[in-house]
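Geometric and topological summary
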Amino acid sequence: MKHEYGEVLYHEKATYSDLFLRKDAKMRIMETVLFVIIMILLSNFFGDRDSTVFKVIAIASAVALVGLAPFFYKWRLRPTYTVTKSHLIINIRGQETAYPLTQVEPIIEGRHMYRINGKRMPLMISHKFLAHLNERLHVINRKNKRR
(Lines give C-alpha, C1' and ligand atoms only; values in the text may rest on other atoms or scores of the structure.)
Protein backbone atom coordinates (compact mmCIF):
# COMPACT_ATOMS: atom_id res chain seq x y z
CA MET A 1 0.00 0.00 0.00
CA LYS A 2 1.31 3.46 -0.91
CA HIS A 3 0.80 6.72 0.93
CA GLU A 4 1.90 10.24 0.07
CA TYR A 5 4.64 9.87 2.72
CA GLY A 6 5.99 6.65 1.24
CA GLU A 7 5.30 2.97 1.43
CA VAL A 8 3.05 1.96 4.33
CA LEU A 9 4.84 -0.51 6.57
CA TYR A 10 2.06 -0.93 9.12
CA HIS A 11 -1.45 0.50 9.53
CA GLU A 12 -3.84 -0.09 12.41
CA LYS A 13 -7.06 1.24 13.90
CA ALA A 14 -7.35 1.58 17.67
CA THR A 15 -9.46 -1.06 19.39
CA TYR A 16 -11.60 -0.85 22.52
CA SER A 17 -8.84 -2.29 24.70
CA ASP A 18 -6.26 0.12 23.25
CA LEU A 19 -8.46 3.08 24.11
CA PHE A 20 -9.34 1.63 27.51
CA LEU A 21 -5.73 1.08 28.54
CA ARG A 22 -3.89 3.96 26.85
CA LYS A 23 -6.00 7.08 27.34
CA ASP A 24 -4.25 10.40 27.66
CA ALA A 25 -4.48 12.55 30.78
CA LYS A 26 -7.09 14.86 29.25
CA MET A 27 -9.49 11.95 28.71
CA ARG A 28 -8.94 10.66 32.24
CA ILE A 29 -9.62 14.11 33.70
CA MET A 30 -12.82 14.43 31.63
CA GLU A 31 -14.01 11.06 32.95
CA THR A 32 -13.25 12.09 36.53
CA VAL A 33 -15.07 15.42 36.17
CA LEU A 34 -18.08 13.66 34.64
CA PHE A 35 -18.11 11.16 37.50
CA VAL A 36 -17.98 13.97 40.08
CA ILE A 37 -20.91 15.69 38.35
CA ILE A 38 -22.87 12.42 38.35
CA MET A 39 -22.11 11.94 42.05
CA ILE A 40 -23.26 15.48 42.89
CA LEU A 41 -26.51 14.93 40.97
CA LEU A 42 -27.04 11.56 42.65
CA SER A 43 -26.38 12.98 46.11
CA ASN A 44 -28.99 15.69 45.49
CA PHE A 45 -31.49 13.10 44.27
CA PHE A 46 -30.89 10.70 47.17
CA GLY A 47 -31.19 12.41 50.53
CA ASP A 48 -29.80 9.37 52.36
CA ARG A 49 -26.22 8.86 51.15
CA ASP A 50 -25.83 5.80 53.37
CA SER A 51 -28.55 3.86 51.53
CA THR A 52 -27.65 0.73 49.63
CA VAL A 53 -29.43 1.98 46.51
CA PHE A 54 -27.24 5.10 46.39
CA LYS A 55 -24.07 3.05 46.77
CA VAL A 56 -25.13 0.57 44.07
CA ILE A 57 -26.04 3.34 41.63
CA ALA A 58 -22.77 5.17 42.38
CA ILE A 59 -20.70 2.05 41.70
CA ALA A 60 -22.75 1.20 38.61
CA SER A 61 -22.29 4.71 37.23
CA ALA A 62 -18.52 4.51 37.78
CA VAL A 63 -18.30 1.13 36.04
CA ALA A 64 -20.51 2.33 33.18
CA LEU A 65 -18.51 5.52 32.76
CA VAL A 66 -15.14 3.78 32.71
CA GLY A 67 -16.41 0.86 30.61
CA LEU A 68 -18.37 2.84 28.03
CA ALA A 69 -15.97 5.75 27.56
CA PRO A 70 -13.67 3.83 25.15
CA PHE A 71 -16.68 3.07 22.91
CA PHE A 72 -17.45 6.79 22.84
CA TYR A 73 -13.79 7.66 22.12
CA LYS A 74 -13.65 5.11 19.32
CA TRP A 75 -16.88 6.42 17.78
CA ARG A 76 -15.92 10.09 18.16
CA LEU A 77 -12.16 10.09 17.57
CA ARG A 78 -11.78 7.18 15.10
CA PRO A 79 -8.01 6.96 15.77
CA THR A 80 -5.85 5.26 13.16
CA TYR A 81 -2.08 5.07 13.08
CA THR A 82 0.26 4.39 10.15
CA VAL A 83 4.01 3.86 9.99
CA THR A 84 5.79 4.51 6.70
CA LYS A 85 9.51 4.34 6.03
CA SER A 86 9.94 7.96 7.05
CA HIS A 87 6.80 9.11 8.93
CA LEU A 88 4.36 8.30 11.71
CA ILE A 89 0.89 9.30 10.54
CA ILE A 90 -1.81 9.84 13.15
CA ASN A 91 -5.40 10.28 12.04
CA ILE A 92 -7.80 11.47 14.76
CA ARG A 93 -11.30 12.76 13.95
CA GLY A 94 -10.44 12.54 10.27
CA GLN A 95 -7.58 15.01 10.72
CA GLU A 96 -4.34 13.47 9.52
CA THR A 97 -1.02 14.60 10.96
CA ALA A 98 2.31 13.24 9.77
CA TYR A 99 5.44 13.36 11.90
CA PRO A 100 8.91 12.54 10.57
CA LEU A 101 10.31 9.54 12.44
CA THR A 102 13.39 11.60 13.27
CA GLN A 103 11.13 13.68 15.57
CA VAL A 104 9.58 10.66 17.31
CA GLU A 105 11.23 9.04 20.32
CA PRO A 106 9.89 6.67 22.98
CA ILE A 107 9.72 7.88 26.57
CA ILE A 108 11.06 5.33 29.04
CA GLU A 109 8.39 5.79 31.72
CA GLY A 110 5.51 4.44 29.64
CA ARG A 111 5.49 2.03 26.77
CA HIS A 112 2.82 3.93 24.85
CA MET A 113 4.19 7.41 25.62
CA TYR A 114 6.30 9.09 22.95
CA ARG A 115 7.92 12.48 22.53
CA ILE A 116 6.71 13.78 19.18
CA ASN A 117 7.92 17.21 18.05
CA GLY A 118 9.04 17.83 21.63
CA LYS A 119 5.60 17.09 23.16
CA ARG A 120 4.62 14.07 25.24
CA MET A 121 1.92 12.17 23.42
CA PRO A 122 0.26 8.83 24.24
CA LEU A 123 -0.31 6.55 21.27
CA MET A 124 -3.63 4.79 21.82
CA ILE A 125 -2.71 1.70 19.82
CA SER A 126 -1.71 -1.95 20.29
CA HIS A 127 1.64 -3.32 21.41
CA LYS A 128 2.05 -4.92 17.99
CA PHE A 129 1.89 -1.51 16.29
CA LEU A 130 4.25 -0.02 18.88
CA ALA A 131 6.70 -2.86 18.22
CA HIS A 132 6.66 -2.03 14.48
CA LEU A 133 7.12 1.66 15.28
CA ASN A 134 10.01 1.01 17.69
CA GLU A 135 11.66 -1.27 15.15
CA ARG A 136 11.45 1.45 12.50
CA LEU A 137 12.74 4.09 14.97
CA HIS A 138 15.69 1.83 15.75
CA VAL A 139 16.52 1.57 12.02
CA ILE A 140 16.25 5.36 11.58
CA ASN A 141 18.44 6.04 14.64
CA ARG A 142 21.07 3.56 13.45
CA LYS A 143 21.19 5.27 10.04
CA ASN A 144 21.54 8.70 11.65
CA LYS A 145 24.41 7.55 13.90
CA ARG A 146 26.39 6.27 10.91
CA ARG A 147 26.35 9.70 9.26
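Let us look at the structure shown here. (Residues numbered from 1 in each chain as written. Predicted model: local features only at pLDDT ≥ 70, side-chain atom pairs only at ≥ 80, totals over all residues. Heavy atoms only, no water.)

**Observations regarding a positive patch on the surface**
Quick note on the threshold: Like-charged residues within 9 Å of one another, or nonpolar side chains (Val, Leu, Ile, Met, Phe, Trp, Tyr) within 5 Å, are grouped into patches, provided each residue has over 30% relative accessible area and no salt bridge. Accessibility throughout is a Shrake-Rupley quantity obtained with a 1.4 Å probe, and a residue counts as covered only by protein chains that appear here. Take a side-chain nitrogen of Lys or Arg and a carboxyl oxygen of Asp or Glu: if they are within 4 Å of each other, that pair is a salt bridge. Under the counting rule used here, the positive set is Lys and Arg, the negative set is Asp and Glu, and His together with the chain ends is not counted. Charge positions come from single atoms, namely NZ of Lys, CZ of Arg, CG of Asp or CD of Glu. Helix numbers and strand numbers start at the N terminus; a helix is a DSSP run of H or I with at least 4 residues, a strand a run of E with at least 2. Categorising residues by exposure relies on relative accessible area from a 1.4 Å probe, with only protein chains included: less than 20% of the type maximum marks a residue as buried, more than 50% marks it as exposed, and the intermediate range marks it as partly exposed.
Positive charge collects at one region of the surface, where Lys26, Arg76, Arg78, Arg93 and Lys119 lie side by side. With respect to the secondary-structure elements, Lys26 resides in helix H2 (residues 25-45). Taking relative accessible area as the criterion, Lys26 reaches 61% and is therefore assigned exposed.

**Overview of the packing of H2 against helix H3 (residues 52-77)**
Defined as follows: To obtain each axis, a line is fitted to C-alpha atoms, and for helices this fit is confined to the stretch in contact; angles are then taken between N-to-C directions over 0 to 180 degrees. Each helix crossing is assigned a hand: it is left-handed if the near helix lies turned anticlockwise from the far helix by less than a right angle, otherwise right-handed if that turn is clockwise. By definition, residues are in contact when any of their heavy atoms lie within 4.5 Å. Put simply, Ala, Val, Leu, Ile, Met, Phe, Trp, Tyr, Cys and Pro go in the nonpolar bin, Asp, Glu, Lys and Arg in the charged bin, and everything else, Gly too, in the polar bin.
At a minimum axis distance of 10 Å, the contact between H2 and H3 shows a crossing angle of 145 degrees. Seen along the crossing, H2 lies across H3 with a hand that is right-handed. Counted together, Met27, Glu31, Leu34, Phe35, Ile38, Met39, Leu42 and Ser43 of H2 and Phe54, Ile57, Ala58, Ser61, Ala62, Leu65, Val66, Ala69, Tyr73 and Leu77 of H3 form the full contact between these two elements. Split into classes, the residues belonging to the contact of H2 with H3 amount to 15 nonpolar, 2 polar and 1 charged.

**Things to note about the packing of aromatic side chains**
For clarity, the threshold we go by: Two rings from Phe, Tyr or Trp (for Trp, the six-membered ring) form a pair when their centres are within 6.5 Å of each other. A pair whose planes differ by under 30 degrees is stacked, one over 60 is edge-to-face, and the rest are tilted.
A full pass over the atoms with the stated rule returns 8 aromatic pairs. Arranged with centres 5.8 Å apart and planes meeting at 45 degrees, the rings of Tyr10 and Phe129 form a pair that is tilted. Residue Tyr10 is located in strand S2 (residues 6-13), and its partner Phe129 is located in helix H4 (residues 127-146); the two are separated by 119 residues in the primary sequence. Measuring from centroid to centroid gives 6.0 Å for Phe46 and Phe54, while their planes differ by 65 degrees, and the two rings are edge-to-face. We note that Phe46, like Phe54, is buried. Three or more aromatic residues link up through ring pairs in this structure, and these residues are Tyr10, Tyr81 and Phe129.

**Points about the environment of His127**
Looking at where His127 falls in the secondary structure, it is placed in helix H4. According to the relative accessible area criterion, His127 is partly exposed, its value standing at 45%. Spatially, the C-alpha atoms of His127 and His112 are 8.1 Å apart, while their sequence positions differ by 15 residues. Setting aside anything within four residues of it in sequence, one finds His127 in contact with Arg22 and Arg111.

Any functional reading would require information beyond the geometric quantities listed.
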